[in-house]
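Listed here are the chains, written in short residue letters.
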Amino acid sequence: MKKNLIKNIKAKKIITGALALVLGASMLGACGKSDAANGENGAQKLKANGKVYRTLDEIKKSGTINIGVFSDKNPFGYVDENGDYQGYDVYLANRIGKDLGVEINYVSTEAANRVEYLESGKVDIVLANFTVTDERAQKVDFALPYMNVALGVVSHKDKVIKDIEKVSSDEQVIVISGTTAETFLEKNYPDIKLQKFDTYAAAKTSFENGTGIAWANDNTEVIAFAKENEGYEVGIPSLGSQDTIAPAVSKGNESLLKWLNDELVTLGKEKFFHADYEKTLIDTYGADYEDTLVVEQGDNK
Amino acid sequence: MGFEVLLKGSNMLRLLEGLSTALNISLISVAISLVLGIILGILMAMHNRVVLFFSKIYLEIVRIMPQMVLLFIVYFGSTKVIGINLSAETASIIVFSFWGAAEMSDLVRGALKSIPTIQYESSAALSLSSFMTYRYIIMPQVVRMLIPLSINLITRMIKTTSLVMMIGIVEVLKVGQQIIEANRTASPNAAFWVFLVIFLLYFAACWPISLLSRFLEKKWKV
């Protein structure tokens with residue numbers, strides 16, 4: 001009986017201790033909460049006519065702009081060890097906030113919910129490595145582009161593939177399933193044998209072990225791969241149709257879209273995105289690809 | 001090594017904040033789910049056809065719909081369709097309570113049903129009132145049966161909160177991904193350590209609940 005009692009007391013002590021730990025963590029959250037609370041203040045009031053977005057004037061008046069960025073896509077949008085947003089997209093976002101004269105409330109977005117955020121007006125601008133496609137353009141409005149993406153092909157240094165036509169029929173090219181590289185090669189080069197992998201890691205291991213002669217993927221990915229790993233070279237830095245990355249706003253938000261386009265032209269004149277590249281992307285992609293990847297408005301006019 | 005990324009800047013604090021965000025959402029949802037689930041479960045055990053019909057539809061919706069779809073519907077859909085602008089936290093509490101209450105009600109219903117009719121009849125024969133029957137005969141058994149089952153549900157709810165990253169809430173797993181990605185080139189092995197710490201944090205959050213359940217089970221052992 002007594003033994004049981006002592007055991008009970010012991011169990012109680014352990015539970016109390018553990019609960020205290022959990023509660024302590026909850027308390028800590030009180031400071032983390034303020035972040036979310038800020039988001040609430042910046043959130044838009046909905047209009048009766050069904051318009052979900054906020055116009056330029058409404059954003060300026062509220063003093064806060066909600067910008068959707070990636071929080072785990074280094075080097076485009078990520079959070080550093082102090083909890084601050086950083087990266088190529090964020091560099092632009094910071095400038096937008098400064099030029100609008102408003103505070104920025106960063107919203108962490110995922111690839112799968114970027115369109116939803118704009119359709120519901122929960123963010124004003126998405127700056128999350130957002131590739132312009134026809135399908136997306138039906139749902140959101142894209143501003144002028146600020147970066148190029150295309151496919152790229154990386155191969156082993158001792159046998160660099162410089163022309164995709166030169167791949168012979170007994171050689172295989174590695175792709176990741178579901179990527180644009182897969183669709184593009186299947187459609188335009190049906191004779192090339194493809195080796196498909198579900199994940200980046202599997203494709204990488206296989207390529208490193210020499211099962212494929214080359215690896216086709218987004219050019220940013222292959223360039224970064226060749227830079228990080230010895231013995232590989234990007235023989236074809238840009239293949240197929242050039243796609244662009246651009247800021248996006250809710251469908252129909254004319255005032256904000258016009259302001260953004262004017263802003264991008266102004267920034268182009270001062271070579272803003274070259275400065276952005278040198279600040280955020282150069283470590284990953286190197287100086288050689290600066291002009292391939294960066295788009296400045298007013299450059300080509 | 002990779003371990004050092006956890007000590008950089010405020011990374012460790014950010015992980016703890018992420019955990020508390022996850023716990024805030026899940027514990028509020030758990031509390032709501034338990035209350036609503038118990039009420040609904042008792043209603044369902046009463047054999048009212050209308051109640052049974054609607055609760056069946058409700059349970060099926062919860063069973064069929066992935067929680068992620070529910071999150072998207074409640075968070076984005078409510079704004080697009082009816083123009084209510086819910087905060088991400090509110091939306092996730094609604095979704096997790098909606099899901100938790102359904103599962104809890106089913107557990108309560110099952111536990112109530114498992115008490116054989118003869119016990120009701122025997123207590124009636126002993127001239128106990130129906131309140132006394134529930135208070136002294138049925139409830140003590142039902143509660144005992146429910147403890148391990150609801151503990152399972154609660155810990156599952158805590159772990160499932162990682163889905164809220166899809167509506168922009170930065171909780172512990174998302175912070176982990178952010179830390180790993182921010183140090184992708186500098187320390188490629190950080191993933192192991194970050195996930196190890198996240199594992200320990202989840203463990204620290206869920207273990208006391210299991211302990212509590214074991215304690216209660218022992219305490220109420222017949």
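Thresholds, definitions, all that
- Residues numbered from 1 in each chain as written.
- Chains lettered and ligands numbered in written order.
- Predicted model: local features only at pLDDT ≥ 70, side-chain atom pairs only at ≥ 80, totals over all residues.
- Core = buried A, V, L, I, M, F, W, Y, C linked by C-beta atoms within 7 Å.
- Buried ≥ 20, exposed ≤ 12 C-beta atoms within 10 Å, placed from the backbone.
- Helix = DSSP H or I, 4+ residues; strand = E, 2+ residues; numbered from the N terminus.
- Domains from an automatic or database assignment.
- Contact = placed C-beta atoms within 7 Å.
- Right-handed = clockwise from strand over helix to strand, strands pointing away.
- Pairing = 2+ DSSP bridges.
- Axes fitted to C-alpha atoms, helices over the stretch in contact; angles between N-to-C directions.
- Nonpolar A, V, L, I, M, F, W, Y, C, P; charged D, E, K, R; others polar.

A. Geometry of the nonpolar core. Core analysis: the biggest nonpolar cluster contains 136 residues, and A:Ile67, A:Val153 and A:Val249 have the highest contact counts within it. With 14 residues, helix H4 (residues 88-113) of chain B is the single largest residue contributor to this core. For this core, the two domains that each supply at least three residues are domain 1 (55-146 + 246-293) and domain 2 (149-243) of chain A. When residues no more than four places from it in sequence are discounted, the contact partners of A:Ile67 are A:Ala93, A:Ile104, A:Tyr106, A:Val107, A:Val123, A:Asp124, A:Ile125 and A:Leu127.

B. Just the pairing of strand S9 (residues 172-176) of chain A, in detail. Residues and elements named next belong to chain A. For S9, the tally of buried residues reaches 4 of 5 residues, placing the bulk of the element in the interior. This β-α-β element, S9 to helix H6 (residues 180-188) to strand S10 (residues 193-197), shows right-handed connectivity. As paired strands, S9 and strand S11 (residues 214-218) are joined by 2 bridges and run parallel to one another. Among the inter-strand pairings, isoleucine 174 is bridged to a residue of S11, identified as tryptophan 215.

C. Layout of unusual backbone geometry. Residue and element names in this part refer to chain A. In this structure, the amide linkage connecting asparagine 74 to the following residue, proline 75, adopts the cis form with an omega of 5°. By the secondary structure assignment, proline 75 is in the loop between strand S2 (72-73) and strand S3 (77-79). Residues other than glycine seldom take positive phi values, yet asparagine 129 does so here, at roughly 50°. Tracing the chain through its elements places asparagine 129 in the loop between strand S6 (125-126) and helix H5 (134-137). Given 19 C-beta atoms within a 10 Å radius, asparagine 129 is considered partly exposed. The backbone of lysine 271 shows a phi angle near 55°, a positive value even though the residue is not glycine. The residue lysine 271 is located in the loop between helix H9 (254-269) and helix H10 (272-280) in this model. A count of 15 C-beta atoms within 10 Å places lysine 271 in the partly exposed class.

D. Region of interest: the pairing of strand S8 (residues 147-156) of chain A. All names here are of chain A. Of all 10 residues making up S8, 8 are buried, and the element is well covered by its neighbours. Strand direction decides the pairing type here: S8 and strand S12 (residues 232-245), joined by 8 bridges, are antiparallel. Within S12, the position partnered with valine 153 by the bridge is isoleucine 236. The pairing of S8 with S11 spans 5 bridges and is classified as antiparallel.

E. Region of interest: the sheet that holds S9(A). All names here are of chain A. On the basis of which strands lie adjacent, the open sheet formed by 5 strands has the order S10-S9-S11-S8-S12 and mixed pairing. The open sheet terminates on both sides in strands that have one partner only, identified here as S10 and S12. Direction aside, neighbouring strands of the sheet carry axes that sit 25° apart on average. Running over the sheet, H6 touches S8, S9, S10, S11 and S12 and is turned about 140° from S9. Those strands touched by helix H8 (residues 219-228) are S8, S11 and S12, and its axis lies near 45° from that of S8.

F. Structural view of the domain arrangement of chain A. All names here are of chain A. Segmenting chain A into domains produces domain 1 (55-146 + 246-293) and domain 2 (149-243). For domain 1 versus domain 2, the separation of C-alpha centres amounts to 29 Å. Domain 1 puts 7 residues into the contact, and the matching count from domain 2 is 8 residues. Among the residues forming the side of domain 1 that touches domain 2, the class breakdown is 3 nonpolar, 4 polar and no charged.

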